[in-house]
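Residue-level listing of the chains:
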Amino acid sequence: MSTTTAALVDYDEAVSRFDPVIGIEVHVELGTLTKMFDGAPTEFGAEPNTQVTPVSLGLPGALPALNRTAVESAIRIGLALNCEIAELCRFARKNYFYPDVPKNFQTSQYDEPIAHDGWIDVELEDGTVVRVEIERAHMEEDAGKNTHVGGSTGRIHGAEYSLVDYNRAGIPLVEIVTRPITGVGDRAPEVARAYVQTLRDIFRALGVSEARMERGNVRADVNVSLRPSPDAPLGTRTETKNVNSFRSVERAVRYEISRQAAVLESGGAVVQETRHWHEDTGVTTSGRVKSDAEDYRYFPEPDLVPVAASRTWVEELRATLPEMPVARRRRLQGEWGYSDPEMRDVVNAGAIELIEASVAAGASPAAARKWWMGELARTANAEGLALEELRVTPADVAELQRLVDSGRLNDKLARQALAGVLAGEGSPEEVARARGLEVVSDDGALLTAVDAALAAQPDVVEKIRSGNLGPVGAIIGAVMKATRGQADAGRVRELVLERVGAS
Amino acid sequence: MSTISREEVARLAGLARIDLTGPELDRLAGELDVIVESVATVSRVATADVPATSHPLPLTNVFRDDVVEPTLPVEEILAAAPAAQDGRFLVPQILEED
């Protein structure tokens, strides 16, 4: 591996001199209860090697049995990507030796993918739509997980030995391969990111995977090549493996464009190779050069019979497809009356479902956005959680807003009630009751507090009397403090003005 | 005429991680040649209307329901490992990539 920093050409210059072409392979782990070819469970985070059967381990005589749900998920993904679904397809053995593949082959599909020739429209942040053509989507199984121990970096290089956990071995995967994406010029990195994001949204909408990037449910390999002009033949490409966040997809493409431009400008040739992405430094480094080692000697898997997706079955599955995310986003934005930037923030925060459910539970779209994108987003961010992991439901948010709208809670009290909900104290109503949170609008109690505040600040009273209403806020603040935030600020203001005779 | 060269056998042996000596390569090149030639007879017999087949039985769509089944006890699994650590298989350093 080369640890020296590669020469780079400034990105803008690189894309002014070369036409980038990208291609993306995305692997998605299906959220089935069991593995692709055996009944071992697939729960994330289990103790090592506790979700393993003879099939997962490739023990002699173990025979695979195909998971129907996984096949249906693969077909649904194919349909969502506007693919043709093969009437007949087979599995194949991809032969290679690596400890995380205990059988010494990965069961995959080769020349007969279950889905092929599709497309998906990808929307960039400014609303530009790019159509990405899908070459194929095929079924395969995941490998085990290696942990490299010893050595200087803890990564593959320099490791002294490796530890292997086969819990992940055999988890169903669908690999989706694009055709070369051309004609996007300097926006190639952005397109790559938006494409992976769009796929993630589709997987979630279909319910075929939790599609959590941080858990490696969705992994991308990005291919990049440069050519002198859009009508020149495709240049030599590199494949950067396992780029596992949206941001990294964009950065990796951008980096490769700058690096390859430097190689070409210095009169060199891009080497066709696998490259590794380094999240920490934001660079790619050379891995394996594509060679004989890439000869996987595929052959049809004799232990599994072909899958013949009847047209009836395919149409039944097509009928289960939900509204696709881009269409749904447009519809909801219209219904909710959000601006483009507001909607973008909601989408990026993963709050669409939560807001939709809050609105369904009775909150106004504006109120739902205010809570989820404000107080709750801050809390989630501070605690490193996803919004949906917070101990608050859309129904809670709707209830909270009802308490505010009815005047029982002001904004400050509502936030306190929400804190109680997040702490597991119950619904907003229950928290408000238990903590005694209620706006005080009883004039008697308020007048006492107002009089005390006025008495404490005679100079302010004078100013207000002389027509300077600025300091009213100071009195309201004092009353709020005295009532621990429970006063109705509007009413306090009226009382203050009455008392000093300025009204 | 020989269709399988000694070099091809050496390459296949490398891919399959089989360490073969020079004399073994020579012998296997000859033997594989006979096998390939024999199998090639099928191509001559099969006419265009005979589709390639990967399975002798006319079966498709043999599925299993997505239902969890018992797994092996981790102690039993690791008992079969040459070496183990922290509930995992211990294997030699992976790939001298360069």
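This text goes with the structure placed above it.
The notes below deal with the structure included here. (Residues numbered from 1 in each chain as written. Chains lettered and ligands numbered in written order. Predicted model: local features only at pLDDT ≥ 70, side-chain atom pairs only at ≥ 80, totals over all residues.)

## Description of the overall build of chain B
Put simply, the rule is: Only runs of H or I of at least four residues qualify as helices and only runs of E of at least two qualify as strands under DSSP, and these elements are numbered from the N terminus. Radius of gyration means the value over C-alpha atoms here, while the globule rule gives 2.2 Å times the residue count to the 0.38 power. Working definition of burial: number of other C-beta atoms within 10 Å of the residue's own, with buried at 20 or more, exposed at 12 or fewer, and partly exposed in between, all C-beta atoms being placed from the backbone.
In terms of helices and strands, chain B carries three helices and three strands. The linear arrangement of helices and strands in chain B, starting from the amino end, is α-α-β-α-β-β. Taken over C-alpha atoms, the radius of gyration comes to 22 Å for chain B, far larger than the 13 Å a tight globule of 98 residues would show. Principal-axis analysis of the C-alpha atoms gives chain B an extent of 55 × 45 × 25 Å. Buried residues in chain B amount to 6% of all 98 residues.

## Quick word on the sheet that holds strand S2 (residues 84–85) of chain B
Note on sheets: strands pair through backbone hydrogen bonds, and any given pair is parallel or antiparallel. Quick reminder of the rule: A pair of strands is considered paired only if DSSP assigns at least 2 bridges between the two.
Taken in spatial order, the four strands line up as S8(A)-S9(A)-S3(B)-S2(B) in an open sheet, and their pairing is antiparallel. With partners counted over all chains shown, the strands left at the sheet margins are strand S8 (145–149) of chain A together with S2 of chain B, one partner each. Looking at chain direction, S8(A) and strand S9 (residues 161–165) of chain A are connected through five bridges and run antiparallel. Looking at S9(A), one finds that A:Asn146 is bridged to A:Val164.

## Focus on the pairing of strand S1 (residues 19–29) of chain A
All names here are of chain A. Judged by how many residues are buried, S1 sits mostly within the fold: nine of 11 residues are covered. Pairing analysis gives 10 bridges linking S1 to strand S11 (residues 218–227), with the strands arranged antiparallel. Residue Glu25 lies in a different strand from S11, and its bridge partner there is Asp221. The sheet contact formed by S1 and strand S10 (residues 172–178) spans five bridges and is antiparallel. What sits directly across from Val26, in S10, is Ile176.

## Side note on unusual backbone geometry
Positive phi, close to 60°, is recorded for A:Asn49, a residue that is not glycine. Its identity as a non-glycine residue notwithstanding, B:Asp86 has a phi of 50°, on the positive side. Here B:Asp86 shows up in the loop between S2 and strand S3 (88–92). Residue classification places B:Asp86 among the exposed residues on the basis of 12 C-beta atoms within 10 Å.

## Thoughts on the nonpolar core
Residues and elements named next belong to chain A. Under the convention used in this document: By our criterion, buried Ala, Val, Leu, Ile, Met, Phe, Trp, Tyr and Cys residues that link up through C-beta atoms within 7 Å make up a nonpolar core. This entry defines residue contacts through backbone-placed C-beta atoms, with two residues in contact when those atoms are within 7 Å.
Counting residues in each nonpolar core, the largest one holds 72 residues, and the members touching the most others are Ala74, Ile114, Ala137, Ala192 and Val222. Considering each element in turn, this core owes the most residues, 10 residues, to helix H4 (residues 188–206). When near neighbours in sequence (up to four residues on either side) are disregarded, Ala137 contacts Ala74, Ile77, Gly78, Leu81, Cys83, Pro113, Ile114, Ala115, Val174, Glu175 and Ile176. Membership of the second largest hydrophobic core comes to 43 residues, among which are Leu354, Trp371, Ala398 and Val421.

## Here we look at helix H9 (residues 352–360) of chain A
All names here are of chain A. Under the convention used in this document: Working note: the arc is built from the helix axis to C-beta atom directions.
The set of residues buried in H9 consists of Ile352, Leu354, Ile355, Ser358 and Val359. Projected down its long axis, H9 carries its buried residues within an arc of 165°, all on one side. Buried residues along H9 sit against helix H7 (325–336), helix H8 (340–348), helix H10 (365–373) and helix H12 (394–405). At the C-terminal side of H9, Gly362 shows a positive phi close to 115°.

## A short note on the interface of chain A and chain B
Spelled out, the test is: In this classification, the charged set is Asp, Glu, Lys and Arg, the nonpolar set is Ala, Val, Leu, Ile, Met, Phe, Trp, Tyr, Cys and Pro, and all remaining amino acids, among them Gly, are polar.
Counting residues at the interface gives 47 residues for chain A and 34 residues for chain B. Looking at the side of chain A that touches chain B element by element, the count peaks at five residues for S9(A). When the residues that make up the side of chain A that touches chain B are grouped by side-chain class, the tally is 24 nonpolar, 14 polar and nine charged.

## Overview of the sheet that holds strand S5 (residues 105–108) of chain A
Taken in spatial order, the three strands of this open sheet run S5-S4-S15 (chain A), and their pairing is antiparallel. Since the sheet does not close on itself, it has two edges, and those belong to S5 and strand S15 (299–300) of chain A, each with one partner.

## Here's the deal with the environment of A:Val196
Residues and elements named next belong to chain A. On the secondary structure map, Val196 appears in helix H4. Under the C-beta neighbour-count criterion, Val196 is labelled buried, with 26 such atoms within 10 Å. Along the primary structure Val196 and Val26 are separated by 170 residues, whereas in three dimensions their C-alpha atoms are 7.5 Å apart.

## Here's the deal with the pairing of strand S6 (residues 115–123) of chain A
Residues and elements named next belong to chain A. Relative to S6, strand S3 (residues 84–85) is paired through two bridges, and the arrangement is antiparallel. Directly across from Glu84, in S6, lies its bridge partner His116. In the sheet, S6 pairs with strand S7 (residues 129–141) via eight bridges, with the strands oriented antiparallel. Its bridge partner being in S7, Ala115 is matched across the sheet by Ala137. Between S6 and S7, which pair antiparallel in sequence order, lie five residues; one of them, Gly127, sits at a positive phi of approximately 95°.

## With respect to the packing of H10(A) against H12(A)
Residue and element names in this part refer to chain A. Heads up, the condition is: Lines fitted to C-alpha atoms define the axes here, with helix axes fitted over just the stretch in contact, and angles between the N-to-C directions of these axes take values from 0 to 180 degrees. With respect to orientation, any angle under 35 degrees is reported as roughly parallel, any angle over 145 as roughly antiparallel, any angle of 65 to 115 as roughly perpendicular, and every other angle as oblique. The handedness criterion is simple: a crossing whose near helix is rotated anticlockwise from the far helix by less than a right angle is left-handed, and one whose near helix is rotated clockwise is right-handed.
Remark: H10 packs on H12, axes separated minimally by 10 Å, with the N-to-C direction vectors making an angle of 115°. Judged by the angle between their axes, H10 and H12 are roughly perpendicular. Relative to H12, H10 is oriented so that their crossing is right-handed. Contacts between H10 and H12 involve Ala367, Ala368, Trp371 and Trp372 on the former and, on the latter, Val397, Leu400 and Gln401. Here the residues of the contact of H10 with H12 are counted per class, giving six nonpolar, one polar and no charged.

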